[in-house]
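A structural walkthrough
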Amino acid sequence: QVQLVESGGGLVQAGGSPRLSCAASGRTFSSYFMGWFRQVPTKEREFVARVSGGGGNKLYTDSVKGRFTISRDNAKNTVYLQMNNLKPEDSAIYYCAAARGGGVSATEYGYWGQGTQVTVSS
């Protein structure tokens with residue numbers, strides 16, 4: 001079992017650079033791929049980024065490449081999403097998730113946090 005708790009969201013001006021954190025419980029954190037997804041009303045949950053268990057393999061959706069950075073600290077059981085140069089279209093609820101595999105589909109992730117709202121004002 002893995003329990004995930006996100007933090008770091010809020011209201012941000014366009015161009016801002018907040019960092020989201022996701023704290024995980026459990027002793028096997030490093031064995032999981034960790035991903036960030038986001039969702040807006042009326043749309044499906046969208047893949048944002050994911051990182052391998054050791055932190056060396058990262059994948060991003062095209063719309064955030066060069067602006068967002070995913071990282072993890074296995075000693076702290078925490079995964080981060082550094083978001084730079086935010087745009088209004090980045091506004092969403094952001095979820096962290098854990099999976100044994102490294103896919104980009106939400107259905108592959110078995111553990112989810114409760115989500116944190118990020119709102120970008122123009």
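Structural notes, computed from the coordinates.

Further remarks concern the state of the cysteines. Tallying each qualifying case throughout the model produces 1 disulfide. Covalent S-S linkage joins Cys-22 and Cys-96, the inter-sulfur distance amounting to 1.9 Å. Every disulfide takes its handedness from the sign of the S-S torsion; for Cys-22 and Cys-96 that torsion is 45 degrees, giving right-handed. Of this pair, Cys-22 sits in strand S3 (residues 19–24) while Cys-96 is found in strand S9 (residues 92–99), placing the two residues 74 residues apart along the sequence. Judged by its relative accessible area of 0%, Cys-22 falls in the buried class. Judged by its relative accessible area of 0%, Cys-96 falls in the buried class.

Moving on: the packing of aromatic side chains. In this structure the tally under the stated criterion is 6 aromatic pairs. Between Tyr-32 and Tyr-111 the ring centres are 5.9 Å apart and the planes differ by 90 degrees, which places this aromatic pair in the edge-to-face class. Remark: Tyr-111 occurs in strand S10 (residues 111–112) and Tyr-32 occurs in the loop between S3 and strand S4 (33–39); sequence separation between them is 79 residues. Of the residues examined, Tyr-32 reaches a relative accessible area of 5% and is grouped as buried. An angle of 75 degrees between the planes, with centres 5.7 Å apart, marks the rings of Phe-37 and Phe-47 as edge-to-face. Residue Phe-37 is found in strand S4, and its partner Phe-47 is found in strand S5 (residues 46–51); the two are separated by 10 residues along the sequence. Here Phe-37 matches Phe-47 in class, with each residue buried. Among the aromatic residues, those joined into a ring-pair cluster are Phe-37, Phe-47, Tyr-95, Tyr-109 and Trp-112.

Each value, and the rule that gives it
- Residues numbered from 1 in each chain as written.
- Predicted model: local features only at pLDDT ≥ 70, side-chain atom pairs only at ≥ 80, totals over all residues.
- Heavy atoms only, no water.
- Disulfide = S-S within 2.5 Å.
- Helix = DSSP H or I, 4+ residues; strand = E, 2+ residues; numbered from the N terminus.
- Buried < 20%, exposed > 50% of the residue type's maximum accessible area, 1.4 Å probe, protein only.
- Phe/Tyr/Trp six-rings, centres within 6.5 Å; stacked < 30°, edge-to-face > 60°.

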